Amino acid sequence: MRERSWVPDGPLDVGLALAPHKRGGGDPAWRQTPDGAIWRTCRTPRGIATLRVSVAGGQVRGQAWGPGAEWMLDGLPALLGADDDVSGFEARHEILREAVRRHAGLRIGRTGRVMEALVPAVLEQKVVGQEAWRAWRWLLGRYGEPAPGPAPEGMRVAPEPSVWREIPAWHWHRSGAETVRAKTIATAAWHAAKLEAAATSEELDRLLRALPGIGVWTSAEVRQRVFGDPDAISVGDFHLAKIVGYALTGEKTDDPGMLRLLEPYLGHRHRAGLFITLTGRRPPARGPRMAARDYRSF
């Protein structure tokens, strides 16, 4: 085991910083234990690792196990938003000003790992979260590696790109992911080395969107996590535009309308979207929620 302590230079909500990496309840790569500690697994450039993050007295404590433990601890501050540059962001709407006051510890972190963000993002394309998260759990249970160290029971590390490429069609089917998403992930896995080597969010956006099956929404979801891009707003999200429109104007809007409303936050549109979602304001539901499909029965 390796350890590191770190004192952030301002307010920090560790839970908010790490929440984007959680893929639903029971995510095998992310857990929060009753003591408040958050555990996550990662396939680092130096091998697999498990990280435990806890906070006491304003000090963040990281503990890590596995061949990639040192790499994980070196990147702990960045993961928790130490590099998050808020300069130029000004809350211009009262609802955002209130959210900033209530959630002053919000920081956008960066993992530097593309495939661990890309695979679940593809699984979440055009489906309800429960359907995607069920597939993620099944695939990690079948193809992931056990988390090193004293991780909570059932934690797994996502497989290598070569494994994603070789998953047979019938196992994608058993996971609940249909052929289109399976092919997208397999194709991306062939280009994993190039994707992981991208030096900037802009370069990664170009590389991702050159691949079949990856568009604006998926690229934004990945870059938010890999580079902590504060402007990578998730255009094409089923809910986000409606939430932004309702919060800022009292009326739902579409993607072009959302982009117009967020124009004053150019450079920080993703950050503005995060604060808006934290307000909890949602347009009234007009019907039952979309049910999760189950391709395994087809």
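Computed from a prediction, not measured in an experiment: that's the story for all the values here.

Asker: What is the right way to read the environment of Trp 30 from this model?
Answerer: Within the secondary structure, Trp 30 sits in strand 2 (residues 30-32). Spatially, the C-alpha atom of Trp 30 lies 22 Å from that of Ser 219, the residues being 189 residues apart in sequence. Ignoring sequence-local partners within four residues, the contact set of Trp 30 consists of Leu 18, Ala 19, His 21, Lys 22, Ile 38, Trp 39, Arg 40 and Met 155. Polar side-chain contacts of Trp 30 include one of 3.0 Å to the backbone oxygen of Leu 18.

Asker: I tried to follow the packing of aromatic side chains on my own but got confused; where do I start?
Answerer: Between two aromatic rings, the relevant description is the distance of the centres plus the angle of the planes. In the structure shown here, the tally under the stated rule is five aromatic pairs. With a centroid separation of 5.5 Å and an interplanar angle of 10 degrees, the aromatic rings of Trp 39 and Trp 65 are classed as stacked. Of this pair, Trp 39 sits in strand 3 (residues 38-44) while Trp 65 sits in strand 5 (residues 59-65); the two residues are 26 residues apart in sequence, bridging distant segments of the chain. The two residues Trp 39 and Trp 65 agree in class, both being buried. Centre to centre, the rings of Phe 89 and Tyr 265 are 5.9 Å apart; their planes meet at 35 degrees, and the pair counts as tilted. With Phe 89 in the loop between helix 3 (76-79) and helix 4 (94-102) and Tyr 265 in the loop between helix 14 (255-261) and helix 15 (269-278), the pair connects residues that are 176 residues apart, well separated along the chain. Judged by relative accessible area, Phe 89 falls into the buried class, the value being 18%. An aromatic cluster is present here, built from Phe 89, Tyr 265 and Phe 275 joined pairwise through their rings. Across the ring face of Trp 71, the terminal group of Arg 113 is positioned such that the distance to the ring centre comes to 5.9 Å.

Asker: Looking at this model, I keep getting lost on the pairing of strand 3. Mind explaining?
Answerer: Strand 3 sits mainly inside the fold: seven of its seven residues count as buried. A two-sided burial pattern is seen for strand 3, the buried positions comprising Ile 38, Arg 40, Cys 42 and Thr 44 on one face and Trp 39, Thr 41 and Arg 43 on the other. For strand 2 and strand 3, the ladder comprises three bridges, and the chain directions are antiparallel. Opposite Trp 30, over in strand 3, you have Arg 40 as the bridge partner. If you look at the hairpin formed by strand 2 and strand 3, you'll find five residues sitting between the two strands, and Gly 36 has a positive phi there, around 95 degrees. As judged from the seven bridges shared by strand 3 and strand 4 (residues 47-56), these two strands associate in the antiparallel manner. Counted as the bridge partner of Trp 39 is Arg 52 from strand 4.

Asker: I'm lost on the nonpolar core in this one. Help?
Answerer: Here is a general trend for soluble globular proteins: nonpolar side chains tend to be buried in one another's company. With 36 residues, the main nonpolar core has Leu 118, Leu 123, Trp 164, Trp 172, Leu 195, Leu 204 and Val 222 as its most contacted residues. Elements with a contribution of two residues or more to this core: helix 5 (115-123), helix 6 (129-143), helix 9 (179-190), helix 10 (192-196), helix 11 (201-209) and helix 12 (216-226). Residue contacts for Val 222: discarding those within four places in its chain leaves Val 114, Ala 117, Leu 118, Ala 121, Leu 204 and Leu 208. Core analysis: the second largest hydrophobic core is formed by 19 residues, Leu 106, Leu 248, Leu 262 and Phe 275 among them.

Asker: Looking at this structure, I do not really get the packing of helix 4 against helix 15. What am I missing?
Answerer: For any two helices packed against each other, the geometry comes down to the angle between their axes and how far apart the axes lie. Contact geometry of helix 4 with helix 15 gives a least axis separation of 9 Å together with a crossing angle of 80 degrees. Comparing their axes, helix 15 and helix 4 come out roughly perpendicular. Every residue of helix 15 that contacts helix 4 at Leu 96, Ala 99 and Val 100 is listed here: Ala 272, Phe 275 and Ile 276. Considering only residue class, the contact of helix 4 with helix 15 consists of six nonpolar, no polar and no charged.

How each quantity is defined
The residue numbering used here restarts from 1 in each chain and proceeds along that chain's sequence as written. Thresholds applied to this predicted model are a pLDDT of at least 70 for local features of residues and 80 or more for the giving and counting of side-chain atom pairs; totals over whole chains, interfaces and linings are not thresholded and use all residues. Think of the side-chain values as coming from all heavy atoms in the structure, minus any hydrogens and water. Think of it this way: any DSSP run of H or I at least four residues long counts as a helix, any run of E at least two long counts as a strand, and we number them from the N terminus. What makes two residues a contact is simply this: any of their non-hydrogen atoms within 4.5 Å. Identification of polar contacts relies on pairs of N or O atoms within 3.5 Å, with a donor-acceptor requirement for protein atoms, meaning one able to donate a hydrogen and the other able to accept it, and with residues adjacent in sequence counted only if both atoms are side-chain atoms. A pair of aromatic rings is counted whenever rings of Phe, Tyr or Trp (Trp by its six-membered ring) have centres within 6.5 Å, and the orientation is called stacked for planes under 30 degrees apart, edge-to-face for over 60 and tilted otherwise. Only protein chains enter the calculation, and the probe is 1.4 Å; a residue is then buried if its accessible area is under 20% of its type maximum, exposed if over 50%, and partly exposed in between. We call a charge positioned over a ring when the NZ of a Lys or the CZ of an Arg lies within 6 Å of the ring centre and within 35 degrees of the ring normal. In short, DSSP must find at least two bridges between two strands for them to pair. Definition of nonpolar core: a set of buried residues of the types Ala, Val, Leu, Ile, Met, Phe, Trp, Tyr and Cys, connected through side-chain atoms within 4.5 Å. All axes are obtained by fitting lines to C-alpha atoms, using only the stretch in contact for helices, and the reported angles, taken between N-to-C directions, cover 0 to 180 degrees. By definition in this entry, angles of less than 35 degrees are roughly parallel, angles greater than 145 are roughly antiparallel, angles of 65 to 115 are roughly perpendicular, and the rest are oblique. Residues are grouped as follows: Ala, Val, Leu, Ile, Met, Phe, Trp, Tyr, Cys and Pro are nonpolar; Asp, Glu, Lys and Arg are charged; every other residue, Gly included, is polar.

Taken by themselves, the reported measurements are silent on function.
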